[in-house]
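# Observations on chain architecture
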Amino acid sequence: MSKSAILSSSIAKKYWMALTGLFLCLFLVGHLLGNLQLILKAGEEGKRAFNEYAYFMTHNPLIKVMSYLTYLSILFHAVDGILLTIQNKKARPIGYAHNSPNANSKFFARQMAVLGSIILIFIVIHMSNFWWKMKYSSDPMPLHSITVVDPQSKTPQSLYITHSDNYFPVSAFENSQMGEAQMEIRNGNEFFNKQVDVKMGEGYKDLYSLTVAFFGKDTDAIKANEQAGLAVAFYVLAMIVLSLHLMHGFSSAFQSLGVNHRRYNAGIKLFGKLFSIIIPAAFAMIPLYIFFTK
Amino acid sequence: MASKYINVNLKVWRQKNANTKGKMETYKLDTVSTDSSFLEMMDQLNEQLINERQEPIAFDHDCREGICGMCSLYINGRAHGPDNAVTTCQLHMRKFDDGATIYIEPWRSKAFPVIKDLVVDRSAFDRIQQAGGFVSVNTSGNTIDANATPIPKADADKAFEAAACIGCGACVASCKNSSAMLFVGAKVSQYALLPQGKVEATNRVLNMVRQMEEEGFGNCTNTGACEVECPKGISLENIARMNREFMKAMITAE
Amino acid sequence: MSKLDSKIPEGHISQKWTDYKDHLKLVAPNNRPKIDIIVVGTGLAGSSAAASLGEMGYNVKAFCFQDSPRRAHSIAAQGGINAAKNYQNDGDSIFRLFYDTIKGGDYRAREANVHRLAEVSGNIIDQCVAQGVPFAREYGGLLDNRSFGGTQVQRTFYAAGQTGQQLLLGAYSALSRQIGLGRVKMYNRHEMLDIVKIDGKARGIIARNLVTGEIERHAAHAVVIASGGYGNVYFLSTNAMGSNVTAAWKIHKQGAFFANPCYVQIHPTCIPVHGTNQAKLTLMSESLRNSGRIWVPKKKEDAEAVRAGKLNPAEIAEDDRDYYLERKYPSFGNLAPRDISSRAAKEVCDEGRGIESNDTNEGVFLDFSSEIQNKGKQAAYAKGNHNPTPEEITALGKQWLKEKYGNLFTMYQKITDENPYETPMKIYPAVHYTMGGVWVDYNLQSSIPGCFVTGEANFSDHGANRLGASALMQGLADGYFVLPYTISNYLADEIRTGKISTDAPEFNEAETRVKELIATFIGNNGVKSVDYFHKKLGLIMWNKVGMGRNEKGLNEAIAELAELKAEFNKDVYVPGSADELNPQLEKALRVADLIELGQLMAMDALQRNESCGGHFREEYQDAEGETLRDDKNFSFVSAWEHKGENINDEVLHKEELKYEFIKIAARNYK
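Here the structure is a predicted model, which is why all the values come from computation and not from measurement. Residues take numbers from 1 onward in each chain, read along the sequence in its written order. Here chains are named by letter from A upward and ligands by number from 1 upward, in the order in which they appear as written. Local features in a predicted model are, by the rule used here, given only for residues with pLDDT of at least 70; side-chain atom pairs are given and counted only at 80 or more, and totals for whole chains, interfaces and linings are based on all residues. Only hydrogens and water are set aside when side-chain values are computed; all heavy atoms of the structure are taken into account.

### Details of the arrangement of the chains
In what follows, residue pairs with any heavy atoms lying within 4.5 Å of each other are defined as contacts. Among the two pairs of chains that make contact, the interface with the largest number of contacts is formed by chains B and C. In this assembly chain A lies apart from chain C, the nearest approach of their C-alpha atoms being 19 Å.

What follows is the structure in structure tokens.
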């Protein structure tokens with residue numbers, strides 16, 4: 001057995017599609033659980049939970065490994081899928097003049113490459129909407145702040161929160177008539193005391209506000225996206241595509257890995273169906289909820 | 001059998017030989033008995049063409065009882081036509097309406113090049129079989145008694161179900177990827193299920209899959225079209241079994 | 001009769017083959033690659049022979065006209081394969097299988113050949129199981145058996161209704177292995193169109209590449225013809241569309257005697273003819289007779305009403321039904337041998353009691369309602385239900401039928417659009433198998449040295465009637481276990497011959513013969529299609545050389561066939577050209593040979609003034625309409641020698657049949 005067969009053989013390619021696909025299904029579950037923080041808890045509590053989750057996701061070393069695996073899986077799944085599709089196209093150079101494929105298979109099962117490509121495009125847009133903005137955008141992300149009202153002066157005051165549960169008044173970072181600001185934000189979310197050049201703490205990037213605003217809800221930090229309607233529609237559509245992709249992909253992965261047993265097939269199929277409806281539906285619910293409760 | 005007669009319009013792929021381009025041609029055929037098989041209708045059309053001094057249409061066929069696997073034809077967009085679990089020779093004209101337009105095309109696959117009209121070359125299947133579709137026992141008859149190795153009935157039955165494949169190529173023709181996995185899976189499964197076949201299981205699956213790839217068949221994407229169109233109802237289970245066998249072989253082969 | 005030396009060895013019947021085999025000459029392994037063998041046909045006999053010879057180390061070239069060796073018509077055999085294993089402990093033995101086969105063949109087969117067949121029958125099953133043939137098994141994991149016509153034991157091994165398929169795929173897998181190893185070179189889509197003889201010995205063939213039309217020369221030290229039977233002489237038969245006599249007929253024309261051409265098996269259970277555009281008939285396995293009861297209405301009026309669609313057969317009272325096989329042959333009943341069952345069906349239809357509404361009204365019922373009740377009751381009891389309702393019984397009975405014969409029932413329903421679980425099947429006899437064929441000696445060698453003939457293409461083992469499940473047995477016996485020994489004996493003298501050149505003048509001659517023949521057809525500016533003539537041939541044969549024959553009809557047939565031949569040569573139109581895939585040309589070449597063969601069949605039937613097995617001469621029957629054999633005058637194999645273009649000039653040679661170990665008796669199944 002040549003070593004290259006592990007990559008090149010048509011059956012081995014299917015194993016990779018299946019393994020990466022199933023791994024991405026796991027990822028979807030994790031991602032969904034996080035996203036649900038956006039709507040499960042109301043107000044400040046929800047914001048806090050979501051931003052903490054976002055921080056955890058970007059800083060926990062295990063999660064980091066998982067996220068690299070996820071990127072790799074997406075890449076592999078896409079590249080392998082494209083290679084398979086090209087090969088498959090080549091296998092029938094002349095097509096049928098009259099074809100009735102619906103008589104023997106589901107359209108989404110035949111259009112996995114198209115559905116997958118749409119999902120890939122979606123992932124790129126999705127990441128540029130949030131992940132890229134959060135990590136690399138030259139536009140600094142707003143940081144998570146809370147507004148408290150001083151019981152004595154009765155004046156509201158905004159405070160940044162840090163991971164160590166310290167609070168810095170936002171005003172400390174602003175130049176005023178009193179003089180130059182004492183504090184400064186570096187690297188997006190690190191609070192520095194300018195005079196002594198010491199890092200005083202780390203703030204939470206306010207992904208919550210970014211997301212909620214993106215889907216049309218005004219927040220203290222960011223104004224609502226004017227084209228939120230379009231964004232919501234696009235996200236919901238993408239989830240429908242994902243659902244169709246999963247509708248075939250989930251149980252198909254088991255078949256590719258050789259798991260096909262008269263006793264369990266019905267169970268796998270049913271689970272696959274439920275998974276491919278529930279997960280994308282739950283994802284889609286979030287922007288819809290935000291949009292309609294603004 | 002109360003006979004009825006219908007008229008049909010036929011759109012048929014005509015191609016002089018492997019090196020020329022082909023195209024769809026239209027023919028009208030009247031008074032076709034609904035008790036006729038599809039190929040008897042083709043005979044009738046050819047008879048008409050011969051009488052009109054036109055060249056008759058070449059198509060593969062032999063046993064005309066659904067077992068030799070020689071007949072093919074992609075009829076109205078489906079391998080072996082609109083009926084299920086039949087070959088073209090078992091398809092009857094009662095499945096068509098009077099005045100119906102019927103498209104008749106050859107199997108389409110890079111691995112099954114057209115020889116003429118509706119005749120394609122399926123020798124790729126033979127070569128896959130030659131790569132490993134056998135048990136290496138010599139033909140001396142000096143084997144052990146047939147009942148010396150009991151085989152669980154369930155395994156024997158499943159092996160038979162896999163072995164019922166007639167090698168017609170409908171799986172390839174109807175697969176959007178022109179994949180031959182159902183054919184190869186069935187053969188691999190038949191032997192994998194029987195004690196006699198287990199000895200060579202590793203090499204068999206590796207060699208047959210390698211040959212399948214060399215022939216230019218596409219990859220399986222589990223759409224299940226092959227299983228639906230297979231005239232012998234060969235199950236997708238056989239593909240899964242081959243996937244298992246291949247994985248085992250890939251990991252253990254030296 | 002020096003021309004017909006059957007070379008049957010001396011000794012006791014049970015020792016003949018063993019002793020003979022022990023003294024056959026051998027070819028040493030290092031010499032085998034120097035020897036070329038051509039095998040024509042890849043059915044059970046051809047595939048098994050090619051695989052075995054390749055395995056032994058000979059250089060083998062195998063030919064088939066289909067697109068793959070796996071398509072050969074052996075694949076269509078449904079019911080099973082006999083073997084004297086006695087797994088069912090019902091007293092079976094080699095001798096009994098031998099006896100049943102001789103008796104089944106109406107005492108017109110060679111004792112020694114048949115005994116050899118019975119001896120190796122067990123090996124076939126061992127061999128096939130070792131090859132991975134998935135025979136039906138019982139829950140204990142051991143092989144299952146069933147009963148077939150003409151026997152009182154269960155010795156038939158089977159794989160659902162697809163036994164032929166499984167056995168052929170087994171042989172095909174063995175052949176594929178040899179092709180993969182380079183020991184057999186396979187020529188698909190090639191048709192043998194002549195044999196080449198050098199110094200009287202078979203030295204090669206001329207074949208046409210059916211795709212390119214190229215005429216090719218292939219040389220060899222021996223040629224094996226395993227090209228099957230000639231049932232398609234009747235146009236409508238259970239044979240495949242491509243089945244033909246050409247290979248056998250061409251060697252006949254070059255000197256191989258043709259034996260017993262009039263012995264044709266008409267299978268009793270086929271789906272009746274539906275119309276004039278019908279191209280072939282479909283068999284319903286004989287195994288159905290294990291469960292179905294065959295009947296027609298007692299009254300002609302009822303039969304008429306059924307044909308007119310006015311009477312549902314289920315409504316005909318038990319007393320008004322004639323279960324004619326059970327009535328006439330109580331001890332074998334519905335499992336009477338094929339020839340007898342077929343003739344009985346013809347008889348009741350001739351009386352006007354046929355039930356099929358087609359041109360001929362020919363058809364009888366095969367009724368499963370009794371079996372549904374019996375098996376339904378058994379199944380209910382087996383489930384512990386001792387008071388089943390009639391509905392439960394019927395449902396369980398149908399379930400049982402479905403498990404046993406599901407695929408056959410589905411096939412029937414697809415073809416006829418009638419549900420055999422509800423209404424009885426309609427069946428009628430159809431041409432199925434030809435016992436006659438090229439004459440061969442005990443070595444399976446024809447009268448051309450170096451030209452061997454195996455399987456249905458030879459005449460050797462079934463006499464005047466073949467028992468069910470014996471054809472598969474013979475094909476594999478010949479190819480796996482007989483030919484490899486006997487052909488080596490012949491080839492032992494060829495190890496010094498060296499390569500045979502295809503440049504020999506004999507190859508030129510043969511090639512010219514073939515090319516001229518093709519040119520005549522292509523250039524013939526006729527007006528009628530090949531099928532037109534084939535159908536006409538079929539009608540003459542079915543009406544006059546069919547299930548019942550008489551002197552007048554046979555004489556008419558001979559004259560009509562001679563006319564047909566002349567008309568065919570003059571009027572046939574073959575479109576297209578010779579250098580391309582041209583199915584019409586292929587058919588024309590085959591039909592030309594079938595017409596000539598038809599004439600010889602009629603001549604053979606005419607000279608055989610007796611009735612035996614599948615050959616029923618209306619003049620020779622007893623008071624009850626049973627066959628009347630004439631052992632005194634006709635206990636011989638008729639072997640015809642070709643003498644020029646006029647078939648009437650063929651010369652009859654007789655090989656006396658001696659029965660030393662079986663007491664010859666009237667064949668009684670009553």
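What follows continues from the structure just given.
### Things to note about the interface of chain B and chain A
Facing 50 residues of chain B, the contacting portion of chain A comprises 36 residues. Counting the surface lost from both chain B and chain A, the interface buries some 3,600 Å², and carbon and sulfur atoms represent 54% of this. Between Lys or Arg on one side and Asp or Glu on the other, a salt bridge is scored when a side-chain nitrogen of the former is within 4 Å of a carboxyl oxygen of the latter. One can count two salt bridges joining chain B with chain A. The term polar contact refers here to a pair of N or O atoms within 3.5 Å; inside protein, the definition further demands a hydrogen-donor-capable atom paired with an acceptor-capable atom, and it admits residues adjacent in sequence only when both atoms are side-chain atoms. The tally of links from chain B across to chain A stands at 33 residue pairs in polar contact (both at pLDDT 80 or more). Runs of H or I in DSSP of at least four residues are treated as helices and runs of E of at least two as strands, each being numbered from the N terminus. Secondary-structure elements contributing two or more residues to the side of chain B that touches chain A are strand 5 (101-105), helix 3 (153-163), helix 4 (170-174), helix 7 (201-214), helix 8 (225-229) and helix 9 (237-252) of chain B. At nine residues, the largest contribution of residues to the side of chain B that touches chain A is made by helix 9 of chain B. For this classification, the nonpolar set comprises Ala, Val, Leu, Ile, Met, Phe, Trp, Tyr, Cys and Pro, the charged set comprises Asp, Glu, Lys and Arg, and every other residue, Gly included, is treated as polar. The residue makeup of the side of chain B that touches chain A, split by class, is 24 nonpolar, 14 polar and twelve charged. Accessible area, probed at 1.4 Å, shrinks when two parts are joined; the buried area is that loss added up over both.

### With respect to the nonpolar core
Only buried Ala, Val, Leu, Ile, Met, Phe, Trp, Tyr and Cys residues count toward a nonpolar core, and they belong to the same one when joined by side-chain atoms within 4.5 Å. In this scheme, a residue with accessible area under 20% of its type's maximum is buried, one over 50% is exposed, and one in between is partly exposed, where area comes from a 1.4 Å probe on protein chains only. Residues Phe-217 of chain B together with Ile-81, Phe-135, Ile-251 and Phe-568 of chain C are the most contacted members of the largest nonpolar core, which totals 244 residues. For this core, the leading source of residues is helix 16 (residues 583-607) of chain C, giving 13 residues. Once residues lying within four places of it in the same chain are set aside, the contact partners of Phe-135 of chain C are Ala-156 of chain B together with Ile-81, Ile-125, Cys-128, Val-129, Leu-143, Phe-157, Tyr-158, Ala-159, Thr-163 and Leu-167 of chain C. By size, the runner-up hydrophobic cluster in this structure holds 40 residues, among which are Leu-38, Val-232, Leu-246 and Ile-279 of chain A.

### Focus: the environment of Asn-59 of chain C
Residues and elements named next belong to chain C. Looking at the secondary structure, you find Asn-59 in strand 2 (residues 59-63). A sequence separation of 339 residues divides Asn-59 from Lys-398, and the C-alpha atoms of the two residues are 53 Å apart. Setting aside anything within four residues of it in sequence, one finds Asn-59 in contact with Arg-32, Pro-33, Ile-35, Asp-36, Ile-37 and Arg-183. A distance of 2.8 Å separates the side chain of Asn-59 from the backbone oxygen of Pro-33, its partner in a polar contact.

### Some points on the layout of surface pockets
Put plainly, a pocket is an open set of points on a 1 Å grid over the protein atoms alone with protein on both sides within 12 Å along at least five of seven lines, a cavity is a set where a 1.4 Å probe fits but cannot get out, and a lining residue has an atom within 4 Å of a point. Grid points are joined across faces, edges and corners, and a volume is the space filled by probe spheres set on the points. Put simply, the second largest pocket is a space of about 1,300 Å³. Along the wall of the second largest pocket there are 49 residues; nearest its centre are Phe-160 of chain B together with Ala-160, Gln-162, Glu-403 and Asn-407 of chain C. At the level of elements, helix 3 and helix 9 of chain B together with helix 11 (390-416) of chain C are the ones that each hand at least two residues to the lining of the second largest pocket. Sorting elements by how many residues they give to the lining of the second largest pocket places helix 11 of chain C first, with ten residues. Among the residues making up the lining of the second largest pocket, the classes are represented as 21 nonpolar, eleven polar and 17 charged.

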